[in-house]
Each structure stands twice: as C-alpha cells, then as structure tokens.
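Topology and contacts: notes
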There are 6 protein chains.
Amino acid sequence: MLNKNIQTFIACDSEYEDSKIVLFGAGFDGTTSFRPGTRFAPSAIRNESFGIETYSPYQNKDMTDYSYFDSGDLELPFGSTDSAIDDIAARADQILKDGKLPFMIGGEHLVTLGTVRAVSDRYKDLCIVHFDAHADLRDDYLGQKMSHACVLRRCHEIVGDDHIFQFGIRSGDREEFFFADEHTEMHRFSFDGLEETVEKLRGRDVYFTLDLDVLDPSIFPGTGTPEAGGVTFDELRKAVTLVCSRLNIVGCDVNELSPVYDQSGVSTAVACKIIREMLLALS
Amino acid sequence: MLNKNIQTFIACDSEYEDSKIVLFGAGFDGTTSFRPGTRFAPSAIRNESFGIETYSPYQNKDMTDYSYFDSGDLELPFGSTDSAIDDIAARADQILKDGKLPFMIGGEHLVTLGTVRAVSDRYKDLCIVHFDAHADLRDDYLGQKMSHACVLRRCHEIVGDDHIFQFGIRSGDREEFFFADEHTEMHRFSFDGLEETVEKLRGRDVYFTLDLDVLDPSIFPGTGTPEAGGVTFDELRKAVTLVCSRLNIVGCDVNELSPVYDQSGVSTAVACKIIREMLLALS
Amino acid sequence: MLNKNIQTFIACDSEYEDSKIVLFGAGFDGTTSFRPGTRFAPSAIRNESFGIETYSPYQNKDMTDYSYFDSGDLELPFGSTDSAIDDIAARADQILKDGKLPFMIGGEHLVTLGTVRAVSDRYKDLCIVHFDAHADLRDDYLGQKMSHACVLRRCHEIVGDDHIFQFGIRSGDREEFFFADEHTEMHRFSFDGLEETVEKLRGRDVYFTLDLDVLDPSIFPGTGTPEAGGVTFDELRKAVTLVCSRLNIVGCDVNELSPVYDQSGVSTAVACKIIREMLLALS
Amino acid sequence: MLNKNIQTFIACDSEYEDSKIVLFGAGFDGTTSFRPGTRFAPSAIRNESFGIETYSPYQNKDMTDYSYFDSGDLELPFGSTDSAIDDIAARADQILKDGKLPFMIGGEHLVTLGTVRAVSDRYKDLCIVHFDAHADLRDDYLGQKMSHACVLRRCHEIVGDDHIFQFGIRSGDREEFFFADEHTEMHRFSFDGLEETVEKLRGRDVYFTLDLDVLDPSIFPGTGTPEAGGVTFDELRKAVTLVCSRLNIVGCDVNELSPVYDQSGVSTAVACKIIREMLLALS
Amino acid sequence: MLNKNIQTFIACDSEYEDSKIVLFGAGFDGTTSFRPGTRFAPSAIRNESFGIETYSPYQNKDMTDYSYFDSGDLELPFGSTDSAIDDIAARADQILKDGKLPFMIGGEHLVTLGTVRAVSDRYKDLCIVHFDAHADLRDDYLGQKMSHACVLRRCHEIVGDDHIFQFGIRSGDREEFFFADEHTEMHRFSFDGLEETVEKLRGRDVYFTLDLDVLDPSIFPGTGTPEAGGVTFDELRKAVTLVCSRLNIVGCDVNELSPVYDQSGVSTAVACKIIREMLLALS
Amino acid sequence: MLNKNIQTFIACDSEYEDSKIVLFGAGFDGTTSFRPGTRFAPSAIRNESFGIETYSPYQNKDMTDYSYFDSGDLELPFGSTDSAIDDIAARADQILKDGKLPFMIGGEHLVTLGTVRAVSDRYKDLCIVHFDAHADLRDDYLGQKMSHACVLRRCHEIVGDDHIFQFGIRSGDREEFFFADEHTEMHRFSFDGLEETVEKLRGRDVYFTLDLDVLDPSIFPGTGTPEAGGVTFDELRKAVTLVCSRLNIVGCDVNELSPVYDQSGVSTAVACKIIREMLLALS
C-alpha cells in the first residue's frame, strides 16, 4: 500500500515521541511594512532542504544520528494579527508541554512574540539572544503596537531590562538606539562580545531568535528589508553554533526569509544550512 | 527656482479645483491570503504610465483635453485592517464632499469597502458593477470577515439585494455561487449580458469596481491569484468604456495588480491603458 | 500529539483504500534536449494547488465530494533513463493492481512510456489520446531511442497502428508528419475532430497523455520548448473534460511544466486548474 | 583539424554565393525612449533558434531545402545615431549589390531607416508594408528627428505619399493619426484589408518591416513598449506568409524584440518562428 | 484640499531656499555599450529610499535634522548625447548659481561630464575624486569621444594633469593604465592611499564622482558591466564618509545603478544607503 | 564578400595552427541531481565574454598578445551519459594529439571524467588539482556510478592514491570525507596549503579542474547547488593564477556555471574573468 506524501525538512522525519526538537512553520507576514513574502519561507525551506547534506563538516556531526520532528505549518489568518500570535503561542506551548524544544520557522519577525510568550510562561527568568540587522525596538509603527518593527520591544515588556542581548544591529530610528542604551545589551554591526555574553548566560534559560537579515544581503538578498553591511555566512555559522551548543536553549526561531526576492535560490539554501547547523549544535 | 519632484499618473497634473476626477492610491494588501504585493501597484502604475500615450485611438479622445488630479497614496497601517478601511473612506469622502469623483487605485480588493462606504453615504440607492475572476462573496475567510475574499459580501450588507451586478466570475467556493443566485446578478465567465445591465442601470448612481484579474492571466500575470480562462484585453477595454461612458458613475476603483509577479511589466502597462480608457470614458 | 507534515495536491488527502484515483509525481527530465526543469513540476504543483478552489463552476462539482490519494514523488536516478522508466512502470503497476487509476504528474514526456507499459500490460487493446504541440514521433533523437522526442514512437511500438490519436500538433520534423500519416490519427493545430474521436473510442480502454505545451505559450510559458500558435485555456479545459468524462480512461498523465521558466507562477496555476478539471471529470 | 565556432540562425549556414537571402543583425537601441534592450535581440535569436524545427507544418516546407546565409552582426557605435544608420545602409547595399535580399534583425525600429535608404536607392518606386503597434509617424521626438518614434515619417520622406501601408496600429499621438489620414494607408488594430492591399501591390517592389510589438504582449512581452490589444500569433503568421509569398519583397526586417524583459524566453521563440515562416515564404 | 503627489528621496522634501544640497536625476544611458538600463536609476532610488531609515548609526546623525531638496529628473533626449550633456550642465549651473551643492543621480557615467563642466566654470582649480571599477580613460570608444568609457578622459581635458584621483580601478584596456601613469593618480583595486589623498586635498575644491560598480558585484549586481573583485559595502561606506566629511565638496554624483539587473532590489537599497551616508557626511 | 558569423570567447579567434590552447564547450548536465542548467554555460560564457577586457591589470598581460582557439561546443546526447563522456574524451584526445592544451568549459562536473581519461592516456603519472565546494567522492549516487557527485572518485580510479589535491571542500556526506582521509589530499573550506602543494607538484604533469561553486554563492549564485561559506573572487583569482602559471598544466576545465539561476549575469561575468586569468597565466 502506498503512503501519503510526507514533506519535512531534510532528516526531520523521526517519530514525535523520539524527538527532542520539534520544528513548525509560522508563515505570517501580515504587519510587514515594506516588502511582504516571508509567508512562503517555511514551504520553500522544506523543498530546498534536500539540496544540502545531512552531514556537517564544520561540526563533524550528521543529522541522521539524531531525531527531529517537523510538525508542518500553522494555518494563520491574514488580517488578524492578534489571533495569529495566539495560534503560534498555542503550538509552542503544546511542544513545550511535551518536554520538547520548539524550533519555529517564520514568517516575519513578529511571530517571535508568540513563542516568547509561551516559553516565558514556563521559564520565568528567560533571557533572549537576538541576531538582527534591525533593532525592532519601536514602541509602535504607524500607530500599531503589534508590528514586526516592535517585536523586541514587546518581548522586553515580558522579560524586562537586562534580559535581551542583541547582535549585528545596524538599522533603526534614533529612539530605538536610545532605548537600547537603557534597557538591552546591544552590540552593533557585528558579533563582537558574543563570547563574553555566552559566558555570562551559561546555565540560564535562553530563547534564541535569529532574523536572517543580520547577514549581508550579498549572501542573503531574499528578505523584505535588505540592509547592506551585515555579517558573513561564516561569522553567522560560528555564532549560531556557539549559542546553540553552549547555552541552555529552551526555544528558538529563524525568520525573515522572503524567497521570491531571490530568484537564484541562494537565500533559501543559506537558511537551510544555518538551520542544519543549529539543529546539530542543539543536539 | 527649482520645483519639488511631482509624480502623477500621466496627464493627471491639473489643479484640484479644475478637476472632476481625483485619483488616489490605496496600496493595502494586509488580508491577501495567497501572494501579497498589490501594495506596490499605485507607485508602479504612476511610474509606468509614461510608457503609454495620452491619446486613445479607440475613443478618439486625448487626456490633455481634460483635467485630472492625482492626490497620491494613502499611508496605510499594515496589521490593522479596520483603520486602513477607515482611512480610505475618509479620503473618498473628502473628494465626494468637493463634488468630485473618487478614482481609487488598489491594493487588494478589500479597499473597495472603504470607498463604497463613503459613496453609499451620499448616494442612497447605490448600485455596484463588479468585474472580477472571483465572486468575493464569502461570509468569512479563515474566520475573518474583513478579507479580500469577502469584500462584495460586505458591500452587499450595505447596498442590499439586487444592487450588485457581477461579470466575468469564474472562481469561488460553492456557497458563493449559491449566495449569488439569491442576492446578486452574476454573469459567469464573460461580459455576456452587460449591454442589458447597462441599459437597466441608466440614470441610477453606480459604483464601478474592477478587479483586474478578470483578465486572462496570459495578458495579466501580475496578480496574486491568477485564474486562467479570463476575458481578453479588448473585451475588457470595450466593457469598461461602455460602463464608464454610459452610466452615471459616482466612484470607481481598479485593483489587484501585483507588479512583482510580472517581470516583463506588461501587467502594469495593461493597468495603465485600462485606467486611461476609463478616465477618457468618464470625461 | 502533533502530526508529520503531509503535503498533497489540494483535496487529495483521502485514505488509499477509499480512493479510485491515485496521483504520483515523476519528476524526470534526463533526456530533455533544450531547456530542462520539468523535474520541479510535481512539487510546484502541490505547493501552488492551494491557490485554486476545490469547486469547479464549469462542471458544478467539488473535489471534496470525492476521494483522491496523492502518493508523492518517485525518487528517480538522473543519468539512467532505463531504470527511471522501470521505476515509473512499477509504481503505475502497483496502483493498477489495486484496482485504481494511476494519474501521473511529470516530468518530461518520456515518463509516459513507463505508465503506458504498465497500463498496456493489463489492457490489451489500449488506445492513446495525446494532446501536444509536438509530434514526439521521432525514431531516435541524436542517436537516442529513449528520448522525450520519441515517446509516442515508443508507445506506437506497444499499441500499434491506429491506436494513437493526436491533437494540437504543430511542430516536428518532416519525417514525423510522414509517420503520422501512415500510423496514427493526427489532428494538427487544434482539437478539431475530437468529438468524433471520442465518439469512436466509446467503450474502449484509453490512456490519456497531456503535454501541457499544447497550450499557447501566452498562457503557459513555463515549459521547455514553447511553441506559439497553441490552443487556449478554455479550449483545453473543454477538451480534457470531454475526454475524461466520456471515455473509459484507465490511466493518464500531465507533463512538461517547467516552473522555473515562468516567474509569475501562472503556468503552475494553469496546470493545477487543468488537473482539477480532469480529476472532477474522471469522478 | 578543428573549426572555429560558427553561430548562425538555424539552417542559415549555406555558402554566400548559393544564398538568395542574407541575414544580418543590427542590434542598435540608442534612441529607445522607454525601455532599452533590443540590442540583445540578434544574438538571442541565433541562440534560441535551435529550439525550433527547420520544417514548417503550416507551409509544408523545410529550411534545409533552401540556402540562407547569416552574415552576423554589425558592430554599431552607441551614442552616434547617424553613423549607426550609415553602417546599416552600407551592409544592406553590399547585399543588394550582390543581387541578394537583405533580411535584417533589429534592434529598435529606427534601424529600418538604414535598409530603406539602401533599398530605395536601387528600387525607385518602392512601397513599404509596415506591421506595428505604433504609428512611428512623429516628425520629431523630444526634439530628435532620428528616433524610433519617427522612423516611418523619415521613410515617408523617401518614398512619398501613398507608398506606405500600415497594419495593426493601435498607439500614437493624435497628430500621427492625422498624418496617416493624409499620407499613408493605415489599417488600425488588425490586418483587416491586408488581402486587398496585397492584391494592389502585386508586381511592385516592396520593403516589408515588421515591428514584433504588433503582437499582443500576452504572447510577446519581451519588447520595450508593450501595447495590449494586439494581434495573435496565428494572425501574424498568416499575414507574414501572405506578404512574403505573394509580393515581390526586395528587403525586409524584423525588430523590437527585447529579450531581457521576457525571462521565459517565449518572445524570442516567437521571433524565431516568425523569421522561419518569413524565410520559407520568401523562398 | 488635497495636494499633488510629491515624490522625493526620503527626507529630501525641504523648501529650496532652506536647502544647501539639491538632488537631481540624470537618467541617461545613451552611450552605454554593454547592458543599458541606468536610465531607470533615479526613479528606482526615490521609490526604494523609503525602505531605509533617516538615521545613520554609523555617523549618529539623522537626515531629519538637515534640509535637502530633490528637484526631480531631467527629461533627456535619447539619441542626442551632446544636448543631454548640455541639459545636465545647465541644471547643475542653476543650482550652483543659487549657492547650493548639486548632487546628481545618474544615469551612466558620462553624465558626470555635464556637472564637471558646470562646476569647473565656477571653481577654477577643481580636483576630482573618482571611485570606479573602470578607468574610463579611453580617448574614444568605437570612434565615439562622448562615451561612458571616456568620461574621465574628457574630464581630464578640463581639469588637467594631477587633478584626478582614482580609486578601486580594476578594469580597462592597457592604454588607459598607461595614460593614468602619466596623467592621473590611480590607486588600483582598493581605497589604499585614500587617507593620504584626502589629507593632500584639504582646503581645495573637489568634485566627487562615484561609480557604484566600484563595489563588488556580490553586493551590487544591478549594474551594466559587473566587475568581480570590488570593494565591500563597509569599505565604500567609510570611504565616502571620509571624502564627503573631510573635503570641500562642491559637487558630486552617484551613477551606474541599473535596477533591472537585480530582481532582489538589493543594489537599489545599497545605492540609497550610500546616498544617505553621503548626504549626512556633507551636512 | 561577407563572412559567416563566427562566435568565440573574446580574443580566442586565432588560427588553430598558431594556438597552444584550444577551448571547447561540453554543455552536459544529464546527471545533475538538484538543479540542471549547466548545459547553457558555454554559450552564455561566449556571449558575455565581450563584456570584459582582454587586458588583465592583475597580471599586466593582454590576451591579444597570445593565440587562443575556440573550437565550439560538442553536441552531446542527453540521456546517454556514457557516450557523452566518450565524445568529450575524443575531442580532448584530438587536441592533445596536436600538441595543444585542451581547455574545456562545462557543463556539470562529470564532464571532467572525459578529459581526464584522454589526458591520463598520454601523461602516465598525472596529478589532479581540484577546486570545489563538494568532495565529489561518492562511490555512487542513487545507484549511479556515472554521476557528477562521483566524478573525483572515478578520477581516483584512474590516477590512484595521493594524486588528487582538493581545495575549498565544504560539503559531502560523511563517507566522502572518510575516503579523502585515506586517498586524497583534501584541504577543507579554503586554499590554505595551496602554496605548499604547488611547490610539491612542480615539474609534474597536472590536470586542473575548477568547479566554480568553490566560490561563495554571494558572488556566484548561478550554479546548481549553491554552498554558502566559499572563497572570495580574489582568493580564487590568485589561486588559479598560481596553479596555472607555476605548474605544468596539461589540461584543464571550468564547470558548473548555470546561468539561468542568476538573472543579473554576474555569475557568467565572473566565469569569464576567471577564464581570462587562467588563459593568461597558462601563456
């Protein structure tokens, strides 16, 4: 008898019970102000993941030695931001309840608010490590509080001062940088200081949110708001490996791939490779 | 002294006082469920309009003989559908208040709800002529009542039974076609019956809403949900000329161009040419 | 507990036992001589199928009223044509053995040879209805007998004279047209004569193979060898409905979509809509 | 010993002495006012010509039964319109001097001025048959007399009243249509009247200039100024066959393909097929 | 009352009287020998500038604290190089006459000749700082003296020996490098030596011309003649900041963006960000 | 008399007798498992080579001072891998027989097997220098021994242990890296160690095979399997110059450009520039 067509991220087809890490897609881009399209990222990432290997020569580890589960995409209502975030939080909560690590693939960056809500409910002193080109610390954007441009500000309302650690930031309005001076630990332009931050956060519960536009748009053009002057692939690869292997990660996400803006497919291939390195480092 | 850079649809640079027709852009696509991008339509249409002539050999009329005003684009908040529709209604109302005809360029089809609200406030027995591939008569879409897929249903709540006349419809769920049987006059697949409808509506106040995906995607690929089997350019050109020249149009819109999906630029050029024919027929 | 991500053509997620029609993908393009890329068609078609409705206003039928099963894609070895065709025949045979109808999504046209082999093993007097821009009747192509350009010639070796009925053919070398004069029933350029052919084939076992490049490239640019002068979408839609609803179809395929050559996505949307109409007409 | 790489339009590799028809490319687009890129057409057409067959089922003729010569592209100086036109005239003159028919592939439409100059030097009562979306009858364009938008006006200065026969025209400024009323025989929008014109021109020397944008942009998006509402491929195919087979053509050109605006390659394939039909009809 | 649609580079909408810096677009590409398209750069840059912030974290300055004026694009005649350059010189002269700094957005590099003519009329001992991949020092190109490939050679005829300082040059014919050895100060491949040059030029009047293809095509693919081996974004950002903040700039330009060759939009975003950094450094 | 159109790589139009280096194209991609399209590379490289200069400022050498011959492309049968490789070996053998150096432009990497067979027949102790992102050391791929993923493994069967020197490798399955530990000299991720290897190989006969995907996809997106984390253009330029100028190269190839995946054309321009540097360094 034939089987239904199952489509997962490469090597993420273990059984749910056996898997410590559970992927899900949250293809929401309803508040994107400039160029939409991150809604297509989870599907594109699954499709293209079969172009990479399961083995990493960087870490000398193979995904086939571990168990991962891909639970597919949430069907999210466009035009209703609040209920989309609620649905994301519910999915993350279910995974956490089963003692597993939620690994979300966005979508625009606002989706992080859903998982952070769920994770912070269970981990009281949660810290957030944030890689991004943009500060995302606006209080509102064109009057909207629920916006991709405000997501770390909303997270700050949950986790409070001195719990957010930002790296690679190179864009924002002046007020966001002022806010960061007071309330977060922001490292501009690069990963300088990441080693020290990782040392400091050892043993604490950490949520890791990766906005892929922290990469230079030369290697990652497929995103809504490309910001030149970003980090290289190798810098990011090393940084995510450091964070995921040395810290106690209790939830994470990768977001802001917008495949339609990169006809070459390189951006999607980069996202797949970074996700592989993260999955291996978390294992 | 030099002037600031003014950018309008071609030949729409008359003074406001002199103009009977006022264009504005409503680049909102916040509820688009499949492929977003209509937000870029008003700007693309202005840029590309300089590739067409002001003279129409079809109507033997020249835009330079009339006065049109292009008031630019509304800045609409993504992620907040209700306030976007409110802003659209306010702009339309201001134009109507000054005794002029609002001509809106979308944006997704939901923007029509804003102008229809404003127009129906002033014209009590308003009829709507609707060209589209899709019925847009869902009561809700994934739980949302404010969705592009529901816009004519929302309009029906305003204008009531027997006031909506639909042409070219070739896609929808079964319930939408049932609803149309009871509450609207729907002509499937083509403009068959348009002459009779125009005859019937003579002398009444009519709002005209044109979803450009009524065109076959061979000539209009740049749209979010292409539906093969549509009308030809010449069929649409004749139909809009008929509607705009013979009926008492009190407001109108052209929507659902998504330029990024047509690298050739043909879809945008088609939109420009249809808008020119409408403007000339309305004059 | 969460489920693994299942991805099927829209509304093809019934159970195997309940389904009379079983889809599978054969993304092989190893002999394509001009522009490759049909290997990506099955995956693209599944992804994009969620942009169309399950209801057809043309046939007034809804896919949700029937049971279809999508068994996913064969993993085919590039560089080894013979074993690819063998794998395809094996999958088709398994479906036939269970009393179901195999519905294959190519891939290049050579994949048809695999299903025709399997089907002709069970149905001895098999006829083939063939829609295509190209005759595909070469004896060999650059010395290769196993080539997309020879597939109907290979099928002719199986089913014999007067069992192949070709429509829409508008390209080939001179010898192919000579061969057709002797051995097949070829209708050039259009579907003229299809009604009569359908009448003639009533009650016989028929395999239906649809090369989508029979369509004019204005509506179907996403193919390896676009040939201007093809049929319209509505002509094809009516023709496939006629064939699938009136004949005793025992196997069928849809092939030659090459999504990468149509950045607008229209070609893939067209393929989805034609497949929906075929599935409904077969039910 | 190995040979240098020779690249010609398909089946145009006969010896010069044996060939009655000589192709050459004039990839000039220096006066293009909207979207440039026709400079790439001759090269693209040669490359893609190997995707079509040498046999035409429409005319039942095969290019391999005739002799054609492809003399390659002129190297034309951008920024110096006059010398570009001079170089074109010189090449055409050389071909005419050898008793052969010059068949030019543009380039923007202004290149026609070069060949018409050369041809009219040898054929005193020359008539011009002109297929185009645009009238090209401006006296000047932004002050320039040497512009693609003025090319038929410049030709009119050479051949005089009642020697230019235009078909398919659907765009221009008002003055161009006035000019046509007085000085040319213009058939708007279609090929209506072509049979009569061909009858009338029998026995006279005719130059045939084909601007491919006479085609509807659905089938020919790859052009600088797409104008919806054009003729179909089959209409054009029949019209060029009529003109080339029944009239005494002494020179001809095909222009305004801009390949970069059609990522699918369909426009180039269409150009190749039309050129094949013309070459066969001329033979 | 509604206003006409005004479109400027972000934050360049101050009044003319208040602004020390005046932008204008010169979208001319009439002598481009390889791939045209820079004519679309000024419009694309204005449209996309709203995707960047007005605040620069690099310089800790915000455009909203200064006054800039965008005077729109010149309408330049294609096919007539001389008059295009004259029109550019006239616009620059008008801005200079009013005591303001002309900031031109090209267009191909030849446009620089127009502004340099105007600026050198007022500043007698003018020096030119030139960033580029190409030397642009040919005496003629295919016989043309007015060519993008000759623009610095033409400028040299105006400003003379030892007044041109070139950086990043990595392409040219052999003679251009010989010429540079004798007549200009050329720094190959990088910005090595820029600090010293800036020191040397302190207090002198300097025109700054930036050909964006000095960037590596990985970050700036959208240009006519991509030359691998260029500088990084951060290198260019620092270099333009150095030049614009430390030297007495009396005119400048940014040219050679060709948006159509970068579907991702990254090249345009890069151009916008470099222009922002220049505007802030000049203030 | 006019000449047939000859198309070669820039400055490779010398006579065969005079040339020490002979180019040929092998546009085969029949075993490509992920994204096909390298078949178009030789033609694209010839067309675009006229966008670069013949002079290299890096080596201060000009191609016009040397003689090169471009013998065009092999016509290879798709679907028959063995005969394609045989045809390649035959062409290489003919060039070697005439005492010249074969310089092949692929195509997928498997084409290297053809030239290595021919070269190793004449040079008994042949060493291979291999730049690539992928190890290409699989014993089979989906059961196929003749696959691009196995090409260096097949070469190893010819040249034996310690005769293959690999650089830049950053992808493969675990077994390939194990195999390399035993049988080849593999340098991961970069060109570290290249100087020493070149020193060691002085005086020996060396075949050089360059898979362009050794480059980072930021500068070379146009390839079938992009692998982030590659070398920069300048690193590759220096490395190929070192290898080609200091070693006794008896044959070489450049492969895996897939132009359709890079709409900007940068990847093709990069390939052209690398080929120029190789040709100059070999002279």
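Shown above is the structure to which this text applies.
Keep in mind it's a predicted model, so treat the numbers as computed, not measured.

Residue and element names in this part refer to chain B. At a minimum axis distance of 8 Å, the contact between helix α7 (residues 233-246) and helix α8 (residues 266-282) shows a crossing angle of 25 degrees. When the axis of α7 is compared with that of α8, the two are roughly parallel. Every pair of crossing elements has a handedness; the one defined by α7 and α8 is right-handed. On α8, the residues that touch Phe233, Leu236, Arg237, Val240, Thr241, Cys244 and Ser245 of α7 are Val270, Lys273, Ile274, Glu277, Met278, Ala281 and Leu282. When the residues that make up the contact of α7 with α8 are grouped by side-chain class, the tally is 9 nonpolar, 2 polar and 3 charged.

Inspection of the entire model under this criterion finds 42 aromatic pairs over all chains. Each ring, one from tyrosine 58 of chain B and one from phenylalanine 189 of chain D, has its centre 4.8 Å from the other, and the planes form 10 degrees; the classification is stacked. With tyrosine 58 of chain B in the loop between β2 (55-56) and β3 (61-62) and phenylalanine 189 of chain D in the loop between β8 (185-188) and α6 (194-201), this pair bridges two chains. With a centroid separation of 4.6 Å and an interplanar angle of 50 degrees, the aromatic rings of phenylalanine 131 of chain D and phenylalanine 191 of chain D are classed as tilted. Highlighted residues: phenylalanine 131 of chain D in strand β6 (residues 127-131) and phenylalanine 191 of chain D in the loop between β8 and α6, separated in sequence by 60 residues.

Once that is clear, we can look at the sheet that holds strand β10 (residues 248-255) of chain F. Residue and element names in this part refer to chain F. Sheet architecture is open: 8 strands sit in the order β4-β1-β5-β10-β9-β6-β7-β8, paired in parallel fashion. Of all the strands in the sheet, the pair left with one neighbour each is β4 (68-73) and β8 (185-188). Averaged over neighbouring strand pairs, the angle between their axes works out to 15 degrees when direction is ignored. Where strand β7 (residues 164-169) meets β8, 4 bridges bridge the pair, whose relative direction is parallel. Paired with isoleucine 169 across the strands is arginine 188, a residue of β8.

The interface of chain A with chain C comprises 24 residues on the first partner and 24 residues on the second. Buried surface at the junction of chain A and chain C, both sides included, amounts to about 2000 Å², of which 58% is carbon and sulfur. Our enumeration of links across chain A and chain C arrives at 2 salt bridges. Counting across the interface, chain A meets chain C through 10 residue pairs in polar contact (both at pLDDT 80 or more). By residue number, the principal contributor to the side of chain A that touches chain C is strand β4 (residues 68-73) of chain A, which donates 5 residues. A per-class count over the side of chain A that touches chain C returns 7 nonpolar, 9 polar and 8 charged.

Next up on the list: the side chain of histidine 134 of chain D. All names here are of chain D. Mapped onto the elements of the fold, histidine 134 is located in the loop between β6 and α4 (151-159). Side chain to side chain, histidine 134 and aspartate 213 meet in a polar contact 3.1 Å long. Excluding its chain neighbours within four sequence positions, the residues that come into contact with histidine 134 are Ile169, Ser171, Asp213, Thr225 and Glu227.

Once turned by 180 degrees and shifted 0.0 Å along the axis, chain B lies on chain E with an RMSD of 0.0 Å. Look at the turn and shift together and you get a two-fold axis relating the two. It is isoleucine 6 of chain B whose C-alpha, among those of chain B, lies nearest the rotation axis, at 2.2 Å. A high fraction, 100%, of the interface residues of chain B reappear at the interface in chain E, so the copies pair face to face through one surface.

Cut-offs and rules
Numbering of residues starts from 1 in every chain and runs along the sequence as written. For naming, the first written chain is A and the first written ligand is 1, with later ones following in the order written. At least 70 in pLDDT is required for a residue's local features to be given in this predicted model, at least 80 for side-chain atom pairs to be given and counted, and no such filter applies to totals for whole chains, interfaces and linings, which use all residues. With hydrogens and water set aside, each side-chain value is computed from the structure's full complement of heavy atoms. Here an angle of 0 to 180 degrees is reported between the N-to-C directions of two axes, which are lines fitted to C-alpha atoms, with helices fitted over the stretch in contact. Secondary structure elements follow DSSP: runs of H or I of four or more residues count as helices, runs of E of two or more count as strands, with numbering from the N terminus. Should an angle lie under 35 degrees it is considered roughly parallel, over 145 roughly antiparallel, and from 65 to 115 roughly perpendicular; all remaining angles are considered oblique. Working rule for handedness: look at the near helix, and if it is turned counterclockwise from the far one by less than a right angle, call the crossing left-handed; if clockwise, right-handed. We call two residues in contact when some of their heavy atoms are within 4.5 Å. Just so you know the grouping, Ala, Val, Leu, Ile, Met, Phe, Trp, Tyr, Cys and Pro go in nonpolar, Asp, Glu, Lys and Arg go in charged, and all remaining residues, Gly too, go in polar. Here is the rule: rings of Phe, Tyr and Trp (six-membered ring for Trp) pair when centre to centre is within 6.5 Å. Planes less than 30 degrees apart are stacked, more than 60 are edge-to-face, and the remainder are tilted. A pair of strands counts as paired when DSSP detects no fewer than two bridges linking them. Buried area counts how much accessible surface, traced with a 1.4 Å probe, disappears from two parts once they are put together, with both parts' losses summed. Whenever Lys or Arg places a side-chain nitrogen within 4 Å of a carboxyl oxygen from Asp or Glu, that contact is recorded as a salt bridge. Polar contact is defined as a pair of N or O atoms within 3.5 Å, subject to the rule that within protein one atom must be able to donate a hydrogen and the other to accept it, and that residues adjacent in sequence are counted only when both atoms are side-chain atoms. Overlaid copies result from least-squares superposition on C-alpha atoms, with residues included only where pLDDT is at least 70 in both.

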